[in-house]
Amino acid sequence: MRLHTRLAALHDRRPPPPEPTGARLVRRAGRQAGLNSMRDGDSSFDALVIGAGPAGVSAALRLQQLGYRVLLVERSAVWPRVQVGEALTPGVRNIIELLDANDALAAVPHVAHAASRVLWRSRTPDLLQQAGSAIVDRGRFDAALLALARRRGVELEQPARLLQLAGAAGDWRVSLLCDEARCRQVRTRYILDASGRGALPRIDCAPRLAAIWGEVDLSALAELEGGTQVEALEHGWLWAGCLPGQRYRLMLVCDPQSSRQATPGGPETRLRAACAASRLLRAAAGLPLLGAVQMCSATPYLALDSWQDGRLKLGDAAFALDPVSSSGVEKAMRFSLQAAVALHTVLGDEHPGSHALARRFFEGRLVEACARHAHWTAAYYGQAWCADQPFWQERTRHEAIGDSAGRPELLTSLSAERARLAGYQPPELKPLAALNPALPLRLHGGAAIVELPCVVDDRVCLQQALDHPHLERPLAFLENEALFPHLARLAQPLRLPQLLQMLSACMPEHKAYRIVGWLWQRGLLESVG
């Protein structure tokens, strides 16, 4: 299955085709000419982004590409910052492609992931290939993205923080304290908060988690050959991997309360005890550490107020995922691109219907990201060799909880999405040879036509989509082609030559054949007679 071209960087790992520079400049100039009338010199902006991590800078870069004037505000004076979360999964590639950031990031130090030793399903480690992923120097990665944004014309205030906020959506008046000495007054149409964790109110998508980590000299663990190690323990799990600069990170992910009860003492004591109890990292238990052991919350959650009138949350301010997938950076950057499209839809069309549609798209993608990751995580935790232990049992069976009194529909949507994923079973594919061309075809009786917010030409629009128990999610595009209104004719039987002729009138013939075959193999089309 292939998605519509405009959805690629928002939904999967395939890079979108590059847009000609001239076309991009013409489009940007046209939009810039009609931008907001409230501008006042250099103190008025279309969007103010708080936080210069990957989520904030990705949103700023995308909005700048779409022709908007952006001010980026970063509180920290120390740059680049020391960051945890160095793993970049393969899906980051097409995000970088869309942002046209390949050259800017080429010099960032990184270590390619060749393979990992994983002791999870049994007490014998498996060697897993991880082509396309890498571990980067997060400080240098963040700094390179920020430098690119400044070169592209995104304005930066650093260090700076908000002192006062007045006004409303479309015309916020913001007071900033810059350099701890200078006060600046700016106006902005929208505010995007990518300032990091601390979201309240929120839904917890799993029981509490904490990450404890420290670093050792890689040369002291020559037997590991710099490879990534992942190991399930009775009270948590360990991750270890090589960082740029010959550093080797050791990380324990655990329940903070039960970990303290099982191993009294501080974070370093617990990290060393976990290494000593492991099979893969026992040799690291007594090594000298390069600096102090650090600890932070790693509980997955969804912020209930991620969409407010005139204000959006991005990255860790909006949601956090269980670190077991190592995909947090990718998901944060991808959601920022989706948020930029939602904002572009609102700013480009002041009709109330556009605002409601953009919000539906934004919150739908937020719920989907959290639900899918929670579903995958619960299944993966259930495969651990020690899955009968309390730490693992709690995370296999957990239901999302939180004070959702203000937004009960988000908790309902999250639960419904998880239930759909839990009940989904991939269909057994029928052989194409069994398709009788003499028999008419129609949509399967279990199929339904629904309306789905989709991205078309960088804006959110309602698109008809096909829904069916054999689909993991409703399907609006296949082979980069819209399925509707064409498939609506299949409510009544249609002979195969007629169907192919109808589809071939608006797409290449080979795509029409592949689409019909794909749908029939999965039982979405049925033969009549």
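Please refer to the structure higher up on the page.
Right, let's walk through the structure included here. Quick caveat, the model's predicted, so the values are computed rather than measured. (Residues numbered from 1 in each chain as written. Predicted model: local features only at pLDDT ≥ 70, side-chain atom pairs only at ≥ 80, totals over all residues. Heavy atoms only, no water.)

Re helix α13 (residues 496–504)
Here is the rule: Think of it in three bands: with a 1.4 Å probe and only protein chains considered, a residue is buried below 20% of the maximum accessible area for its type, exposed above 50%, and partly exposed in between. Starting at the N terminus, helices and strands are each numbered in turn, a helix being any DSSP run of H or I of at least four residues and a strand any DSSP run of E of at least two. Arc, as used here, means the arc of the directions from the helix axis to the C-beta atoms. Two residues form a contact once any of their heavy atoms are found within 4.5 Å.
Taken together, the buried positions of α13 are Leu-496, Leu-499, Leu-500, Met-502 and Leu-503. Here the buried residues of α13 occupy an arc of 160° about the axis, which is enough to place them on one side. Of the residues in α13, the exposed ones pointing more than 90 degrees away from the buried face are Pro-497 and Gln-501. Elements in contact with the buried residues of α13: β23 (441–443), α14 (509–521) and β28 (525–527).

Let's talk about the pattern of salt bridges
The test is simple: The rule for a salt bridge is simple: a side-chain nitrogen of Lys or Arg has to be within 4 Å of a carboxyl oxygen of Asp or Glu.
Enumeration over the complete set of coordinates arrives at 31 salt bridges. The residue Arg-202 makes a salt bridge to Asp-204 at a minimum N-O spacing of 2.7 Å. Salt-bridge contacts for Asp-255 lead to Arg-395; the nearest nitrogen and oxygen are separated by 3.6 Å. On the criterion of sequence distance, the pair formed by Asp-255 in the loop between β16 (247–254) and α7 (256–262) and Arg-395 in helix α11 (residues 390–397) is long-range, its members being 140 residues apart. Each of Glu-155, Glu-157, Asp-179, Arg-182 and Arg-184 takes part in salt bridges that share partners, so that together they form one network.

As for the packing of α13 against α14
Short version of the rule: To obtain each axis, a line is fitted to C-alpha atoms, and for helices this fit is confined to the stretch in contact; angles are then taken between N-to-C directions over 0 to 180 degrees. Should an angle lie under 35 degrees it is considered roughly parallel, over 145 roughly antiparallel, and from 65 to 115 roughly perpendicular; all remaining angles are considered oblique. Rotating anticlockwise by less than a right angle from the far helix to the near helix defines a left-handed crossing, while the corresponding clockwise rotation defines a right-handed one. Residue classes follow a fixed rule: Ala, Val, Leu, Ile, Met, Phe, Trp, Tyr, Cys and Pro count as nonpolar, while Asp, Glu, Lys and Arg count as charged, and any other residue, Gly among them, counts as polar.
One way to put it is that α13 packs onto α14 with a least axis distance of 8 Å and a crossing angle of 130°. Here α13 is positioned oblique relative to α14, judged by the angle of their axes. For the pair α13 and α14, the crossing hand works out as right-handed. Here α13 contributes Leu-496, Leu-499, Leu-500, Leu-503 and Ser-504 to the contact with α14, which in turn contributes Glu-509, Ala-512, Tyr-513 and Val-516. Classifying every residue of the contact of α13 with α14 by side-chain character gives 7 nonpolar, 1 polar and 1 charged.

Considering the environment of Lys-430
Defined as follows: Polar contacts, as used here, are pairs of N or O atoms within 3.5 Å; protein pairs need one atom able to donate a hydrogen and one able to accept it. Residues neighboring in sequence count only if both atoms are side-chain atoms.
Within the secondary structure, Lys-430 sits in the loop between α12 (408–423) and β23. Sequence-wise, Lys-430 and Gly-523 are 93 residues apart; in three dimensions their C-alpha atoms are separated by 7.7 Å. Among all residues touching Lys-430, those that are not within four sequence positions of it are Trp-520, Gln-521, Gly-523 and Leu-525. Here the side chain of Lys-430 touches Trp-520 through a polar contact of 3.4 Å, landing on its backbone oxygen.

Any link to function would need more than the numbers given here.
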